[in-house]
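# Analysis of the macromolecular model
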Number of protein chains: 2
Amino acid sequence: MDHQPRIVELRRNILKDNDLKARVLRERFAGNGVFVVSLVSSPGSGKTTLLERVLTILSKKFKVAALVGDLATDNDCRRLQRSGVPVHQITTGTVCHLDASMIERSIAEWDLASLDFLFIENVGNLVCPAAYDLGESFRIVLFSVTEGEDKPLKYPTIFHTADAVVISKVDLAQAVEFDEAAALANIDAARPDVKVFKVSARTGEGVEAFLTALCAKAQGESV
Amino acid sequence: MDHQPRIVELRRNILKDNDLKARVLRERFAGNGVFVVSLVSSPGSGKTTLLERVLTILSKKFKVAALVGDLATDNDCRRLQRSGVPVHQITTGTVCHLDASMIERSIAEWDLASLDFLFIENVGNLVCPAAYDLGESFRIVLFSVTEGEDKPLKYPTIFHTADAVVISKVDLAQAVEFDEAAALANIDAARPDVKVFKVSARTGEGVEAFLTALCAKAQGESV
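Model, not experiment: these values are computed from the prediction.

## Some points on the interface of chain A and chain B
The figure often quoted for interface size is the accessible area lost as the parts come together. In this assembly, 40 residues from chain A lie in contact with 40 residues from chain B. With both sides pooled, the region where chain A packs onto chain B buries about 3500 Å², and carbon together with sulfur makes up 58% of that total. At the junction of chain A and chain B, the tally comes to six salt bridges. Of the charged contacts, one joins Glu177 of chain A and Arg202 of chain B as a salt bridge, the two residues approaching to 3.7 Å between their closest N and O atoms. The interface formed by chain A and chain B contains nine residue pairs in polar contact (both at pLDDT 80 or more). Secondary-structure elements contributing two or more residues to the side of chain A that touches chain B are α1 (4-31), α3 (75-81), α5 (151-154) and α6 (156-160) of chain A.

Structure below.
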């Protein structure tokens, strides 16, 4: 028995529901003046390490909060809470992505009007999160130099939905013989003219430039 | 409108269909004396690099073939074909995992009786492939030292379905300050007593030991 047509129809309805919820969220965020940034990547690309640095720096000047998604554990939440900002863990069980309903539930008790930035770290997955709008203003795809230069070509959908790309772990570029020109050409093929940042959350390289651009974007300037 | 109960029911039916097809495949593989090994991991954990080495070495003594799944591109297929063995690319589009039907179609023109080993490289994804039986005899989960020691705890389902774990890119362990004891404890928590191999496909470290164990397993010995 072939369930394919039914699953396609149901999937379309679910995505439509999600889009409607995400639209409501986006209006709420805008109405409260919150700039919402989501981060997607493979497992282990360094989302949490970068975010910990970002939260620590930004919280000196802005009101910042974060949501973090994982199948299991609250390790990332506890890591991010070291920055001193409010962080909620979203534990998805076997679900491979965050969706707008999860975001809605997680922020229910927060006073959005008091926030300047909300960061959302998705489940580590370069495929499924692509289809789920979370109401964010800015979606960042990370990929680390250790993953190989061809990832934008092999996971084009997620790169195609990105507002910016972060190449992470650049301190390891030499050790893994990372071919930056090839990576940039592949990013450009998947998402022409997208802004690319090169960072090492470990050494701090590139983080300031990334944050300067992010703050400019939050103030309505083009990145 | 909440589609959750319908999607759960439909998903259950799809998985049941897949399990039935996988069971038929498993019987066909066993009947033809083919030992089928699947590899799952995050994007960029080194599945293809390891597999290229494995195919090159094993093909000197055995009849070997491979299937490789990606959302887009046939890059991996072309890389693996350099080993000289038959390789088919499965391009999944937006589908985040391989399933038994895809395997069935991809091997339709192969004479299984002439093969000793079939390797199946899944789409890079630590979540969704966990639920789909491909009829394999042996499922290997890779994770690279660059991804962080906590991955087995954060993606427990896929580790729980593994017959063996490969820690890859061990040549980078020092550069990323990989905590091997922590990683091994986390693997053991997710999948007690599973066999763990440490390899570097780049330097070749650990590959022979891995293949010796794999050949023993193919001959019915316990790993």
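Having put the structure on the table, let's press on.
## Looking at the relation of the copies chain A and chain B
Mapping chain A onto chain B calls for a screw motion: a turn of 180° about the axis and a shift of 0.0 Å along it, with 0.0 Å RMSD after fitting. Considering both components of the superposition, the chain copies are consistent with a two-fold axis. Mapped onto chain B, 100% of the interface residues of chain A again fall at the interface, so both copies present the same surface.

## As for the packing of helix α2 (residues 47-58) of chain A against helix α8 (residues 207-218) of chain A
All names here are of chain A. Running from amino to carboxyl end, α2 crosses α8 at an angle of 65°, the nearest separation of the two axes being 11 Å. For the pair α2 and α8, the sense of crossing is right-handed. Residues Leu50, Arg53, Val54, Ile57 and Leu58 of α2 lie in contact with α8, whose contacting residues are Val207, Glu208, Phe210, Leu211 and Cys215. The class makeup of the residues in the contact of α2 with α8 is eight nonpolar, no polar and two charged.

## Some points on the pairing of strand β6 (residues 164-168) of chain B
All names here are of chain B. Of all the five residues making up β6, five are buried; the element is thus mostly covered by neighbouring parts of the structure. Along β6, one buried face is formed by Ala164, Val166 and Ser168 and the opposite face, lined by Val165 and Ile167, is buried too. Relative to β6, strand β5 (residues 138-144) runs parallel, the two being bridged by five bridges. Along β6, the bridge assignment pairs Val141 with Val165. Strand direction decides the pairing type here: β6 and strand β7 (residues 195-198), joined by four bridges, are parallel. Opposite Ala164, over in β7, you have Lys195 as the bridge partner. The parallel pair β6 and β7 is bridged by helix α7 (residues 180-190), and the resulting crossover is right-handed.

## Considerations on the confidence of the model for chain A
Mean pLDDT over chain A works out to 95, with 98% of the residues at or above the 70 mark. Across the assembled chains, the prediction reports ipTM 0.90 with pTM 0.93.

## Topic: the sheet that holds strand β2 (residues 64-70) of chain A
Residues and elements named next belong to chain A. Read from one edge of the open sheet, seven strands run β3-β2-β4-β1-β5-β6-β7, paired in parallel fashion. Edge positions in the sheet fall to β3 (87-91) and β7 (195-198), since each has one partner strand and no second. Between one strand axis and the next, the sheet turns by 20° as a mean value, whatever way the strands run. Both β2 and β3 contribute to a ladder of five bridges, which runs parallel.

Calculation criteria
Residues numbered from 1 in each chain as written. Chains lettered and ligands numbered in written order. Predicted model: local features only at pLDDT ≥ 70, side-chain atom pairs only at ≥ 80, totals over all residues. Heavy atoms only, no water. Contact = heavy atoms within 4.5 Å. Buried area = accessible area lost by both parts, 1.4 Å probe. Salt bridge = Lys/Arg side-chain N within 4 Å of Asp/Glu carboxyl O. Polar contact = N/O pair within 3.5 Å; in protein donor to acceptor, adjacent residues only side chain to side chain. Helix = DSSP H or I, 4+ residues; strand = E, 2+ residues; numbered from the N terminus. Least-squares fit on C-alpha atoms with pLDDT ≥ 70 in both. Axes fitted to C-alpha atoms, helices over the stretch in contact; angles between N-to-C directions. Left-handed = near helix turned anticlockwise from the far one by under 90°. Nonpolar A, V, L, I, M, F, W, Y, C, P; charged D, E, K, R; others polar. Buried < 20%, exposed > 50% of the residue type's maximum accessible area, 1.4 Å probe, protein only. Pairing = 2+ DSSP bridges. Right-handed = clockwise from strand over helix to strand, strands pointing away. pLDDT = per-residue confidence, 0-100.

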